[in-house]
Amino acid sequence: MDKIDASMKAFFLFVGLVLWAGIWLTGFEVVHWILFLPATFFLISAVTGICPGMIFFKEVFRDK
């Protein structure tokens, strides 16, 4: 598993909080459910230090 450094954790935390603030300001019942996915994944990545999206794309674009 790839661990991310503190600057990436801070970035994911900031972006996740901005997305959740936007969802809250717009209204939870108005926002489409798909927007909850990246907002949640950003916060999970910030807390755990493991970013599934980065792991996936490193595998996809890996040099062979």
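Conventions we followed
Residues numbered from 1 in each chain as written. Predicted model: local features only at pLDDT ≥ 70, side-chain atom pairs only at ≥ 80, totals over all residues. Heavy atoms only, no water. Helix = DSSP H or I, 4+ residues; strand = E, 2+ residues; numbered from the N terminus. Expected span 1.5 Å × (residues − 1). Buried < 20%, exposed > 50% of the residue type's maximum accessible area, 1.4 Å probe, protein only. Arc of directions from axis to C-beta. Contact = heavy atoms within 4.5 Å. pLDDT = per-residue confidence, 0-100. Axes fitted to C-alpha atoms, helices over the stretch in contact; angles between N-to-C directions. Left-handed = near helix turned anticlockwise from the far one by under 90°. Nonpolar A, V, L, I, M, F, W, Y, C, P; charged D, E, K, R; others polar.

Taking 1.5 Å per residue, 21 residues should reach 30 Å; helix H1 (residues 6-26) reaches 30 Å between its end C-alpha atoms and fits that length. Among the residues making up H1, those that are buried are Phe12, Val15, Gly16 and Ile23. Buried residues of H1, seen end-on, are gathered within an arc of 100 degrees and therefore sit on one face of the element. Facing away from the buried side of H1 by over 90 degrees, the exposed positions are Ala6, Phe14, Trp24 and Leu25. Buried residues belonging to H1 abut helix H2 (36-48) and helix H3 (52-60). Two residues or fewer past H1, Gly27 is found with a positive phi of approximately 120 degrees.

A word on the side chain of Ser45. Along the chain, Ser45 falls in helix H2. Once you skip the residues sitting within four places of it in the chain, Ser45 turns out to touch Ile4, Lys9, Phe12, Ile50, Cys51 and Pro52.

What follows concerns the confidence of the model for the chain. This prediction gives the chain a mean pLDDT of 90; 97% of its residues lie at or above 70. Per-element mean pLDDT across the chain ranges from 87 in H3 up to 95 in H1.

Here we take up the packing of H1 against H2. Packing of H1 against H2 leaves a shortest axis separation of 8 Å and a crossing angle of 150 degrees. Considering how the two elements wind past one another, H1 and H2 form a crossing that is left-handed. Listed contacts from H2 to Lys9, Phe12, Leu13, Val15, Gly16, Leu17, Leu19, Trp20 and Ile23 of H1 are Phe36, Pro38, Ala39, Thr40, Phe42, Leu43, Ser45 and Ala46. Residues belonging to the contact of H1 with H2 are distributed by class as follows: 13 nonpolar, three polar and one charged.

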